[in-house]
Amino acid sequence: MAHHKSSDKRRLDLEVFKLKMRYIFLPFLGFSIGAILFYNIIRWMLDICLGIWPLKDTVWNLIIPIIISVILVLVIMRTRIRLLRFELFDDNSANVFYLVMILALFPPISISQAYLYEAAYDIIDISNISDIKLYPKQKYFQFDNKSIEKQGVVSYFNTREMGKSRQELKIYLYFATPFYRDKDIWWGQAFTKVIDNDLEEKEKVQQIENFKKISRQQYANEEISAADYFEKLQNSDTKHGYLEAIRLSGQQHINDPIILVSQLGTLNEKAYKELAKFFRFFIIGMFICLLLVLKATIDKKAFQQFKVR
């Protein structure tokens, strides 16, 4: 009799496991992979290949991935997630799954954008710095003559409050230095630091001044010759900081300034690291979701209504 009950329980557990996998986890896994692939294809076509939708990196890498994650979980997976229950949270169980699944999906989508940008471009070898203008859709360049006019350096300082209560202040200092052979092309360096925004005004000003002093010293000691290759900045908040430095200097330019920043190592190494990071976050996120799905119970009433649909 006991053996018969044990066998029935195992059979019931197996049926519940199959239901959870079929109706909840596997659809979420499939939708997640599809969303990541679809978004990367769309960005590659509109931004990298055609260049007809040049949004800021913040939009591509953060805002749109958040929107995709929220839509996939709260709209596409909503009715499926509501089949699950935790005794601890009861009617709020769905909210727990919403949060965990969004947090599991957002990082891989965002990281995939960094990998896409590394993998979609090659390093272009040029003999003259001005030849960069011949490759408007390319991003990475390598050249031998790295002469810059350090006495022509311009800078721009900016701050941004962070945190829910604006308790942190992030400070930025951008340096833009023109190349000797083409004054439309600039070498960029940026320094940042986060300080307590609740400090007394006098202490806050002191920390900012110390930051500026240290940053200027670091800029003076930096050698452009140490760069293995250069990245041409696309539309981003960082590029905006350099352009502000150039604009405020009052210098006249025939063409829009091009900003290059130094990169070390190889492009393939960076792409591999981003790809490894993507898989690490994706696998960990999906594994956590799987554990939660298996730990939860099925709401029988909600499941019957779901099957009727």
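This text goes with the structure placed above it.
Here is a short report on the structure shown in this document. (Residues numbered from 1 in each chain as written. Predicted model: local features only at pLDDT ≥ 70, side-chain atom pairs only at ≥ 80, totals over all residues. Heavy atoms only, no water.)

A closer look at the pattern of salt bridges
Part 1: Per the counting criterion, the structure on display carries 12 salt bridges.
Part 2: We note a salt bridge from Asp57 to Arg43, for which the minimum N-O separation is 3.8 Å. With Asp57 in helix H2 (residues 57-76) and Arg43 in helix H1 (residues 2-49), this residue pair connects regions lying 14 residues apart in the sequence.
Part 3: For Glu149, the salt bridge is made with Lys183, and the minimal N-O distance between the two is 3.0 Å. Separated by 34 residues along the polypeptide, Glu149 in the loop between strand S3 (140-142) and strand S4 (154-162) and Lys183 in the loop between strand S5 (168-178) and strand S6 (185-196) bring together distant segments of the chain.
Part 4: You can call Glu149 buried: its relative accessible area is 16%.
Part 5: Residues joined by salt bridges that share partners form a network here, namely Arg43, Asp47 and Asp57. (Salt bridge = Lys/Arg side-chain N within 4 Å of Asp/Glu carboxyl O. Helix = DSSP H or I, 4+ residues; strand = E, 2+ residues; numbered from the N terminus. Buried < 20%, exposed > 50% of the residue type's maximum accessible area, 1.4 Å probe, protein only.)

Remarks on the packing of helix H4 (residues 93-119) against helix H7 (residues 267-295)
Part 1: At a minimum axis distance of 8 Å, the contact between H4 and H7 shows a crossing angle of 165°. As the angle between them shows, H4 and H7 are arranged roughly antiparallel. For H4 against H7, the interelement crossing comes out left-handed.
Part 2: When its residues are assigned to classes, the contact of H4 with H7 shows 21 nonpolar, 2 polar and 4 charged. (Axes fitted to C-alpha atoms, helices over the stretch in contact; angles between N-to-C directions. Parallel < 35°, antiparallel > 145°, perpendicular 65-115°, else oblique. Left-handed = near helix turned anticlockwise from the far one by under 90°. Nonpolar A, V, L, I, M, F, W, Y, C, P; charged D, E, K, R; others polar.)

Observations regarding the packing of H2 against H4
Part 1: Where H2 meets H4, the closest approach of the two axes is 8 Å, and the angle between their N-to-C directions is 145°. Two packed elements cross with a definite hand, and for H2 against H4 that hand is right-handed. Residues Trp60, Asn61, Leu62, Pro65, Ile66, Ile68, Ser69, Val70, Leu72, Val73 and Leu74 of H2 touch H4, and the partners they reach there are Tyr98, Met101, Ile102, Leu105, Phe106, Ile109, Ser110 and Gln113.
Part 2: Broken down by class, the residue content of the contact of H2 with H4 amounts to 15 nonpolar, 4 polar and no charged. (Contact = heavy atoms within 4.5 Å.)

Considerations on helix H5 (residues 201-221)
Within an α-helix, residues lying three or four positions from one another point in the same direction, as the helix has 3.6 residues per turn.
Part 1: Counted at 1.5 Å a residue, the expected span for H5 with its 21 residues is 30 Å, and the 30 Å between its end C-alpha atoms agrees.
Part 2: For H5, the secondary structure elements touched by its buried residues are S4, S5 and S6. (Expected span 1.5 Å × (residues − 1).)

Details of the packing of aromatic side chains
Part 1: Considering all chains together, one arrives at 15 aromatic pairs under this definition.
Part 2: Both rings, one in Tyr140 and one in Tyr229, keep their centres 5.8 Å apart while their planes meet at 75°; by these two values the pair is edge-to-face. Of this pair, Tyr140 sits in strand S3 while Tyr229 sits in strand S7 (residues 229-232), and the two are 89 residues apart along the sequence.
Part 3: Relative accessible area serves as the criterion here: at 0%, Tyr140 is assigned to the buried category.
Part 4: For the ring pair Phe278 and Phe279, a centre distance of 5.2 Å and an interplane angle of 70° mean the geometry is edge-to-face.
Part 5: What makes Phe279 partly exposed here is its relative accessible area of 43%.
Part 6: An aromatic cluster of three or more residues is present, and its members are Tyr117, Tyr121, Tyr140 and Tyr229.
Part 7: Here the basic side chain of Lys150 rests over the ring of Tyr219, its NZ or CZ set 4.6 Å away from the ring centre. (Phe/Tyr/Trp six-rings, centres within 6.5 Å; stacked < 30°, edge-to-face > 60°. Lys NZ or Arg CZ within 6 Å of the ring centre and 35° of its normal.)

Some points on the sheet that holds S3
Part 1: Ordered by their spatial adjacency, 7 strands build an open sheet running S2-S3-S7-S8-S6-S5-S4, and the pairing between neighbours is mixed. Taken across any chain shown, the strands that pair with only one partner, and hence form the sheet edges, are strand S2 (123-125) and S4. Neighbour-to-neighbour, the strand axes of the sheet open up by a mean angle of 35°, direction not taken into account.
Part 2: Bridging between S4 and S5 involves 9 bridges; their strand directions are antiparallel. Counterpart to Asn158 in the pairing with S5 is Tyr172. (Pairing = 2+ DSSP bridges.)

Comments concerning the pairing of S5
Part 1: Most of S5 is tucked away, with 9 of its 11 residues classed as buried.
Part 2: Relative to S6, S5 runs antiparallel, the two being bridged by 11 bridges. Bridge pairing in S6 links Thr177 to Trp187.
Part 3: Counted between consecutive antiparallel strands, the loop separating S5 from S6 contains 6 residues.

Any functional reading would require information that these geometric values do not contain.
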